[in-house]
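Given next are the chains, with one letter for each unit.
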Amino acid sequence: GGAAEISLEAWSCCEAEGYVACRASIAGRLPSLAEYVPGRLEDERVEQRVVELFGLNARGDAAQEEAPFMRLLGPGHGSVEFLRFWKAFSEVIQLVQVAPGEAEHR
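Reading guide: rules and limits
Residues numbered from 1 in each chain as written. Predicted model: local features only at pLDDT ≥ 70, side-chain atom pairs only at ≥ 80, totals over all residues. Heavy atoms only, no water. Helix = DSSP H or I, 4+ residues; strand = E, 2+ residues; numbered from the N terminus. Buried < 20%, exposed > 50% of the residue type's maximum accessible area, 1.4 Å probe, protein only. Contact = heavy atoms within 4.5 Å. Phe/Tyr/Trp six-rings, centres within 6.5 Å; stacked < 30°, edge-to-face > 60°. Core = buried A, V, L, I, M, F, W, Y, C linked by side-chain atoms within 4.5 Å. Axes fitted to C-alpha atoms, helices over the stretch in contact; angles between N-to-C directions. Parallel < 35°, antiparallel > 145°, perpendicular 65-115°, else oblique. Left-handed = near helix turned anticlockwise from the far one by under 90°. Nonpolar A, V, L, I, M, F, W, Y, C, P; charged D, E, K, R; others polar. Salt bridge = Lys/Arg side-chain N within 4 Å of Asp/Glu carboxyl O.

Caption draft 1: Geometry of the overall build of the protein chain. Per the secondary structure count, the protein chain includes seven helices and two strands. Listing every helix and strand of the protein chain by position from the N terminus yields α-β-α-α-α-α-α-β-α. Counting across all 106 residues of the protein chain, residues that qualify as buried make up 37%. Partitioning the contacts of the protein chain with sequence separation of at least 6, the portion at a separation of at least 24 is 62%.

As structure tokens, then:
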């Protein structure tokens, strides 16, 4: 599926109430959300970026709140609207894609 479908599926695991989810709930589910990013299993460079963006090496809740993905959701405590989440998640999907011949240019 496309980024919109994938984002919607990922959103469904955030215990959202309609179009709003609790920020802490998203932070606590980063490992689950990371599972939805396409291409992780096929390419370890993609996997590496997913690990970075979702702060999967981080330990503790404070570290998860600091994950780049959480920053992509924008400032604010409390809640996140679906539109923001979708935009951030779509951005992650773009960011992790490996362009052909990219290895030489990084």
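After that view, the rundown keeps rolling.
Caption draft 2: Examining the packing of aromatic side chains more closely. Going through the model one piece at a time under the given rule, you end up with eight aromatic pairs. Where Phe-85 meets Phe-89, the ring centres are 5.6 Å apart and the plane angle is 20°; that geometry is what we call stacked. In this pair, Phe-85 and Phe-89 both sit in helix H7 (residues 82–96), four residues apart, roughly one turn of the helix. For Phe-85, a relative accessible area of 0% gives the class buried.

Caption draft 3: Expanded view of the nonpolar core. Ile-26, Leu-33, Phe-54, Phe-69, Phe-85 and Phe-89 are the most contacted members of the largest nonpolar core, which totals 28 residues. Those elements that place two or more of their residues in this core are helix H1 (3–11), helix H2 (23–27), helix H3 (30–34), helix H4 (44–53), helix H6 (68–72) and H7. Looking at this core element by element, the count peaks at seven residues for H7. If near-sequence neighbours (up to four positions away) are discounted, Leu-33 is found in contact with Ala-10, Cys-13, Cys-14, Ile-26, Phe-54, Phe-69, Phe-85 and Phe-89.

Caption draft 4: Representation of the packing of H1 against H7 within the structure. Following both chains from N to C, one finds H1 and H7 inclined at 120°, their axes separated by 9 Å at the closest point. The orientation of H1 relative to H7 falls into the category oblique. Crossing of H1 against H7: the hand is right-handed. Along its contact with H1, which presents Ala-3, Ala-4, Ile-6, Ser-7, Leu-8, Ala-10 and Trp-11, the element H7 presents Phe-82, Phe-85, Trp-86, Phe-89, Ser-90 and Ile-93. Among the residues forming the contact of H1 with H7, the class breakdown is 11 nonpolar, two polar and no charged.

Caption draft 5: Local environment of the pattern of salt bridges. Throughout the structure, instances matching the rule amount to four salt bridges. Glu-15 is the salt-bridge partner of Arg-29, the closest N and O atoms lying 2.9 Å from each other. Here Glu-15 lies in the loop between H1 and strand E1 (20–22) and Arg-29 lies in the loop between H2 and H3, a separation of 14 residues in the sequence. For Glu-15, a relative accessible area of 59% translates into the label exposed. In this structure, Arg-45 and Asp-43 form a salt bridge, with 3.2 Å as the shortest nitrogen-oxygen distance. A cluster of three or more residues bridged by salt bridges with shared partners is formed by Glu-35, Arg-40 and Glu-47.

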